[in-house]
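The primary structure of each chain is shown beneath.
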Amino acid sequence: MKDAIVKVSKTTILKLTTDEDSRIEKTIDKFTEGMDYASTVVHANQKPMGAIKLQKLTYAHLRSEIGLKSQMSCNVARQTAGAYKTLQAQIRKGETYWQLLKFAPTNIKFSYGRDFSINHDEISITTLDGRQKYGIMNYRYAEQFFDGSWKYQASELVKHKDGNYYFHLVCEKEIGEPDITQASNFMGIDVGINHLAVTFTTNGRRKFFTGGEIKNIRNIYSKQRKRLQEKDTRSATRVLKHQSGREKRFMRDVNHVISRQVIESAIEDNVSVIGLEDLTGIRKRTEVRKKQRYKHNSWAFRELQTFIEYKAHEVGIAVIYIDPRYTSQTCPTCLHISRNNRNGRSFLCEVCDYALNADLVGAMNIEARTRAFRHDLEVQGLVVDSPDETISSETSLKPLPTGRGN
Ligand SMILES: [Zn+2]
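Residues numbered from 1 in each chain as written. Predicted model: local features only at pLDDT ≥ 70, side-chain atom pairs only at ≥ 80, totals over all residues. Heavy atoms only, no water.

Visitor: Explain the coordination of the zinc ion to me, using residue names and the numbers behind them.
Guide: The coordination sphere of the zinc ion contains the protein donors Cys331 (SG), Cys334 (SG), Cys349 (SG) and Cys352 (SG), at a distance range of 2.2 to 2.3 Å. Classification of the site at the zinc ion as tetrahedral follows from its 4 donor atoms and the range of 105 to 119° in their angles at the metal. Read in sequence order, the donor residues for the zinc ion give the motif C-x2-C-x14-C-x2-C. Residue cysteine 331 is located in the loop between strand S13 (318–322) and strand S14 (342–343), and its partner cysteine 349 is located in the loop between strand S15 (346–348) and strand S16 (355–357); the two are separated by 18 residues in the primary sequence. This pair shows no difference in class: cysteine 331 is buried, exactly as cysteine 349 is. (Donors = N, O, S within 2.8 Å, 3.2 Å for Na, K, Ca; no water. Tetrahedral: all angles 85-135°; square planar, octahedral: opposite > 155°, others 65-115°. Helix = DSSP H or I, 4+ residues; strand = E, 2+ residues; numbered from the N terminus. Buried < 20%, exposed > 50% of the residue type's maximum accessible area, 1.4 Å probe, protein only.)

Visitor: For the sheet that holds strand S4 (residues 122–127), give the residues involved together with the corresponding values.
Guide: Pairing within the open sheet is antiparallel, and its 3 strands lie in the order S3-S4-S5. Looking at strand neighbours, the two that pair on one side only are strand S3 (116–119) and strand S5 (130–135), the edges of this open sheet. Adjacent strand axes in the sheet meet at a mean angle of 20° when their direction is disregarded. When S3 meets S4, the two strands line up antiparallel, connected through 4 bridges. (Pairing = 2+ DSSP bridges. Axes fitted to C-alpha atoms, helices over the stretch in contact; angles between N-to-C directions.)

Visitor: So, the nonpolar core: which residues are in play, and what are the values?
Guide: Leu16, Phe116, Ile118, Ile123, Leu157 and Phe167 are the most contacted members of the largest nonpolar core, which has 43 residues in total. Going through the elements one at a time, strand S1 (5–15), helix H1 (22–45), helix H2 (51–66), helix H3 (70–92), strand S2 (107–110), S3, S4 and strand S8 (165–176) are the ones with two or more residues in this core. Core analysis: the second largest hydrophobic core is formed by 24 residues, Ile258, Ala266, Ile308 and Val319 among them. (Core = buried A, V, L, I, M, F, W, Y, C linked by side-chain atoms within 4.5 Å.)

By themselves, these are just geometric observations and shouldn't be taken as functional.
Rendered as structure tokens:
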């Protein structure tokens, strides 16, 4: 098995240097309109259909009624067919039901050589106003993908929530079996109230980001809030509203600073994948519910995670959200899980006596899960920068499904 050849697929995210661009906007809008149209065709069929069949059924309409170019029309069919295949797989797992998929106007898929070409500082794509060239940011990490050894696959232009355009370039090459143990340096990040962020990397580096006086300032805000809420007068309500805006702006500034420091530290340590807890998912276990309620209630935690994610993408570091269950109760040494392991800010394993700062234990467990998740992908022959983008490359497109049954 040592000499096995595996196909490596990587998605690298490149930021375009252009701001809001009307040609891109128009193309994304029309492309999405095309997908929504193709979606109604599959939906009416009452089960998924192959891309070729869907292309035959939709091509004329996409070209003449919606005004898409030839290659775009083919991509619309392929992408929509893929989305329904994923939907079907989710239905089989009991996760959702048959429904009309609606697509958000955020992505367009391009085919290499047909409607996009790229070099290390420029991308050329077909828009509805003809071929256009856009600059891309020169990241050091991305240079490896332009050394001639990679083949480019169908890739996507995505408008991220930060309002900027990013090209998710899918690159492939065949190599000898990768050495997974050497693969990467991972970073687990625990966000919380004691320390805004605690990081732990595979090579053992740990950092605490406290944000100085923040906890005190937030306490002052929270006391003021309580006082005002007790008053319950109209003027108190007005002051409350005003103050809440101020607190939000204050925390946003803090989160920008902390996320920047975290990413600087990740770059310094050569981290390639960052793991964060998924605080949004709905889980059945009460243990998480409690922890989630606490973290969930604070928009500030999620905002910090979002900032970290954006800044990570900008420098080519992938971000994975992991299952947050028991990250604060699991012993990093013997893996014993118990609520009793944790006592406030300190962690003491009731089995092996391992003792450490509780937030750091959280970060260690998050790092371990991030590494495990990546490992699972790699043994399948995948090396991915952003797993959710590559595992189901046909559906990375847009968040599935928006839950609109029909
Ligand atoms: Zn233990």
